[in-house]
Amino acid sequence: MNVDILPPGPRWPAALQSAVWIFWPWQFMNRARARYGDAFTLRFAGEAPMVMVSDPDVVREVFTGPPELLHAGEANQILLPVVGVNSVLLLDEDAHKAQRRLLMPAFRGSHLQSYVDTITAVARAEIARWPRGEAIRLHPRMQALTLEVILRVVFGLDQGDRLDELRAGLQRTLALTVNPVAAMFLLLVGPQTMRTALTHRLLKNVDRLLYQQIAAQRGADDLDERTDVLSMLLKADHEDGRPMSDNEIRDELMTLLLAGHETTASALAWAVERIIRHPDVQSRLVEESRTDADEYADAVVKETLRLRPVLSFVSRRLKAPMVIGGMSLPAGVAVVPSIYLMHRRSDVYPDPEQFRPERFLHDRAGTYTWLPFGGGVRRCLGATFAEVEMRIVLRELFGGVGIRPAEAKSEPVHRRSITHVPGRGACVIIE
Ligand code: HEM
């Protein structure tokens, strides 16, 4: 690959760039943009060069470019042992399109309405359990809440032993994936076959329960009326009329869990962390929760995801040389729209560091300037689901209880695997 023609970027050795990226990703991106402009090249140990871009026109080119030349699935191969070969996250081109087509109906805006009551009931029950009058970390509680939503709405589980067993099994497994030492062993140390075997052992019980659930639901008398995601997948057909196999369904259920659980929990933790440090925002939200409206909650969700994006970039690997943003880029490099840098552009968002939901009351979130869910044919399938869930939880929380920060100072941004979370766990006192 001729890398001489790539846009300039930090000249540090790749190992040093990797280390700085791991500890200070946002500062690293800020400095690189200040020095090199809207497009620059980062180099990480063992990785192809990454051309990071944050100009809206260039990002539009990336998101609307030909999917056969801009692969996203390859970068996610590390997840293979957990999500399996059929996962929409790992596939590209026609195979990706086919799986996405099967998943889409369950996540359409019109269908999401059928999930509202269950999400509301889960949120209400979880919030009722949270201790009053003492400092508590909300982030782990939001994780429990978003996991419960996935178990009920995505896996279609009702109260009972299988729900309890799956919840416990998944909590154990998910705890391992965010433990940096365990994750490093599972994802990076030793040959792929050994890691795959180890992951399969870890997931054995969870998989057994998932296949049981798939079988039970396949034979359920009320399958036609059921609206949960699993039931929707059981009713979906490939283009040639074949139903989805149990393996395909299992892989997509794990994908949805992995893609939708931690991300939504972190976004909710950030929303609360920001809201309670802005009394005007908090009182407007409380006021709105007494009505049927949710425009302000929607603006709060959008502004939270702008200022504290859970993921700070998305990646597309070039399969052939391409001209993007006037740059001639060789095959093999990754073109990486930076969510973080886009959301900090002062020409798009005046006073970008300010938490000001009102900006989304007057202006719609731009397709190529508001990127928490990525874009194009890979845009997050659960974006509307996540936004609906966040609005419901915020409404239940701020409409139901008084809540204030345990410490006035804002929480620092910490990295947790690939997500960014509140450094003190969103520590609050509920009255
Ligand atoms: C606030 C919460 C969430 C955030 C910030 C988020 C963010 C993202 C991002 C940035 C991508 C990659 C998009 C790209 O490459 O252009 C993605 C993909 C995806 N997300 Fe989400 N997500 C969230 C919640 C969810 C939920 C709740 C679900 C489902 C239950 C979900 C399912 C998926 C799936 C299946 C993909 C892969 C799409 C594909 O490759 O075609 N996400 N998400």
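Use the structure listed above.
As a convention, each chain's residues are numbered from 1 in the sequence order in which they are written. Thresholds applied to this predicted model are a pLDDT of at least 70 for local features of residues and 80 or more for the giving and counting of side-chain atom pairs; totals over whole chains, interfaces and linings are not thresholded and use all residues. Heavy atoms from the whole structure form the basis of all side-chain values; hydrogens and water molecules are not counted.

Engineer: Run through the overall build of the chain, naming residues and quoting values.
Structural biologist: Summing up its helical and strand segments, the chain has 18 helices and 12 strands in all. Values of the radius of gyration come from C-alpha atoms, whereas the globule rule sets the reference at 2.2 Å times the count of residues to the power 0.38. A compact globule built from 431 residues should have a C-alpha radius of gyration of about 22 Å, and the chain, at 22 Å, falls within 12% of that. Taken along the three principal axes of its C-alpha coordinates, the chain extends 60 × 55 × 40 Å. Residue burial in the chain is summarised as follows: out of 431 residues, 52% are buried. Should any heavy atoms of two residues lie within 4.5 Å, those residues are considered in contact. Here the contacts in the chain between residues at least 6 apart in sequence split such that 71% fall between residues at least 24 apart. When the accessible surface of the chain is summed, it comes to about 19,400 Å², and 54% of that surface belongs to carbon and sulfur atoms. Positive charges come from Lys and Arg, negative ones from Asp and Glu, while His and the chain ends are left out of the count. The location of each charge is read from NZ of Lys, CZ of Arg, CG of Asp or CD of Glu. Looking at the chain, you have 52 positive and 53 negative side-chain charges, and the mean spots of the two groups are 6 Å apart. Runs of E in the DSSP output that reach at least two residues are strands. Runs of H or I that reach at least four are helices, and both are numbered from the N terminus. Only protein chains enter the area calculation, which uses a 1.4 Å probe; residues under 20% of their type maximum are buried, those over 50% are exposed, and those in between are partly exposed. Surface exposure here means Shrake-Rupley accessible area, sampled with a 1.4 Å probe, where a residue is shielded only by the protein chains that are shown.

Engineer: Would you mind going over the coordination of the iron atom of the ligand in detail, with residue names and values included?
Structural biologist: Distances define the donors: N, O and S atoms within 2.8 Å of the metal qualify, as do those within 3.2 Å of Na, K or Ca. Water is excluded, so some sites may look unfinished. Within the protein, just one atom coordinates the iron atom of the ligand: Cys 380 (SG), at a distance of 2.2 Å. With respect to the helices and strands, Cys 380 occurs in the loop between helix H17 (359-362) and helix H18 (383-400).

Engineer: Run through the site of the ligand, naming residues and quoting values.
Structural biologist: Note on terminology: near, applied to a residue and a molecule or strand, indicates that one of the residue's heavy atoms is within 4 Å of it. The local shell around the ligand holds 25 residues, among which His 96, Arg 100, Arg 316, Gly 375 and Cys 380 are the closest. At 2.7 Å from an oxygen atom of the ligand is found a side-chain nitrogen or oxygen belonging to Arg 100. The term polar contact refers here to a pair of N or O atoms within 3.5 Å; inside protein, the definition further demands a hydrogen-donor-capable atom paired with an acceptor-capable atom, and it admits residues adjacent in sequence only when both atoms are side-chain atoms. In this structure, Arg 378 approaches the ligand through a side-chain N or O atom, which is 3.0 Å from an oxygen atom. Of all the elements in the fold, those that place two or more residues in the shell around the ligand are helix H5 (93-103), helix H13 (246-275) and H18. When residues of the shell around the ligand are assigned to their parent elements, the largest contribution, six residues, is made by H13. When grouped by side-chain class, the residues that make up the shell around the ligand number 15 nonpolar, seven polar and three charged. Polarity classes work like this: nonpolar for Ala, Val, Leu, Ile, Met, Phe, Trp, Tyr, Cys and Pro, charged for Asp, Glu, Lys and Arg, and polar for all others, with Gly in that last group.

Engineer: Give a description of the packing of helix H8 (residues 138-154) against H13 that names residues and reports values.
Structural biologist: For the pair H8 and H13, the least separation of the axes is 8 Å and the interaxial angle reads 140°. Helix-helix and strand crossings are classified by hand; for H8 and H13 the assignment is right-handed. Contact residues: Leu 138, His 139, Met 142, Gln 143, Thr 146, Leu 147, Ile 150 and Val 154 in H8; Leu 253, Leu 256, Leu 257, Gly 260, His 261, Glu 262, Thr 264, Ala 265, Ser 266, Leu 268, Ala 269 and Val 272 in H13. A per-class count over the contact of H8 with H13 returns 12 nonpolar, seven polar and one charged. Axis geometry follows a simple rule: fit a line to the C-alpha atoms, using only the stretch in contact for helices, then measure angles between N-to-C directions, giving values from 0 to 180 degrees. The hand of a helix crossing depends on one turn: near helix anticlockwise from the far one by less than a right angle means left-handed, and clockwise means right-handed.

Engineer: For the pairing of strand S2 (residues 50-53), give the residues involved together with the corresponding values.
Structural biologist: Going residue by residue along S2, you find Met 50 and Met 52 tucked away on one face and Val 51 and Val 53 tucked away on the opposite face as well. A strand pair is defined by DSSP finding two or more bridges across the two strands. Two elements, strand S1 (residues 39-42) and S2, share four bridges in a ladder whose sense is antiparallel. The partner of Phe 40 across the bridge, within S2, is Met 52. For S2 and strand S8 (residues 334-337), the ladder comprises four bridges, and the chain directions are parallel. Paired with Met 50 across the two strands is Ala 334, which belongs to S8.

Engineer: Tell me what's going on with the side chain of Gln 217, and back it up with residues and numbers.
Structural biologist: The topology assignment puts Gln 217 in helix H11 (residues 192-218). Ignoring sequence-local partners within four residues, the contact set of Gln 217 consists of Phe 155, Gly 156, Leu 223, Arg 226, Asp 228, Leu 230, Ser 231 and Leu 234.

Engineer: Got a sec to walk through the sheet that holds strand S5 (residues 316-318)? Specific residues and values, please.
Structural biologist: The mixed open sheet is built from five strands, whose spatial order is S1-S2-S8-S5-S3. Each edge of the open sheet is held by one strand with a lone partner, namely S1 and strand S3 (70-71). Each of S1 and S2 touches helix H2 (residues 25-36); the most contacted strand, S1, lies at about 125° to it.

Engineer: So what's going on with the pattern of salt bridges? Residues and values would help.
Structural biologist: Each salt bridge in this description consists of a side-chain nitrogen of Lys or Arg and a carboxyl oxygen of Asp or Glu lying within 4 Å of one another. One pass over the full model with this rule turns up 34 salt bridges. With its nearest N and O atoms 2.8 Å apart, the salt bridge here joins Arg 226 to Asp 228. Accessibility expressed as a relative area gives 7% for Asp 228, which makes it buried. The partner of Glu 273 in a salt bridge is Arg 277, with the nearest N and O atoms 3.3 Å apart. Given a relative accessible area of 1%, Glu 273 falls into the buried group. The exposure class assigned to Arg 277 is buried, which follows from its relative accessible area of 15%. In this structure, a network of salt bridges that share partners links the residues Asp 294, Asp 298, Lys 302, Glu 387 and Arg 391.

Engineer: I'd like to hear about unusual backbone geometry, residue by residue, with values.
Structural biologist: Residues apart from glycine generally show negative phi values, whereas peptide bonds are mostly found in trans. For Glu 93, which is not a glycine, the phi torsion comes out positive at approximately 55°. Residue placement: Glu 93 occurs in helix H5. Phi at Ala 426 is positive, roughly 60°, even though this residue is not glycine. With respect to the helices and strands, Ala 426 occurs in the loop between strand S11 (419-422) and strand S12 (427-430).

Engineer: Give me the lowdown on the environment of Glu 407, citing residues and values where you can.
Structural biologist: Secondary-structure assignment places Glu 407 in the loop between strand S9 (403-405) and strand S10 (413-416). Counting along the chain gives 20 residues from Glu 407 to Cys 427, while the straight-line C-alpha distance between them is 7.6 Å. Once residues lying within four places of it in the same chain are set aside, the contact partners of Glu 407 are Arg 277 and Arg 424.

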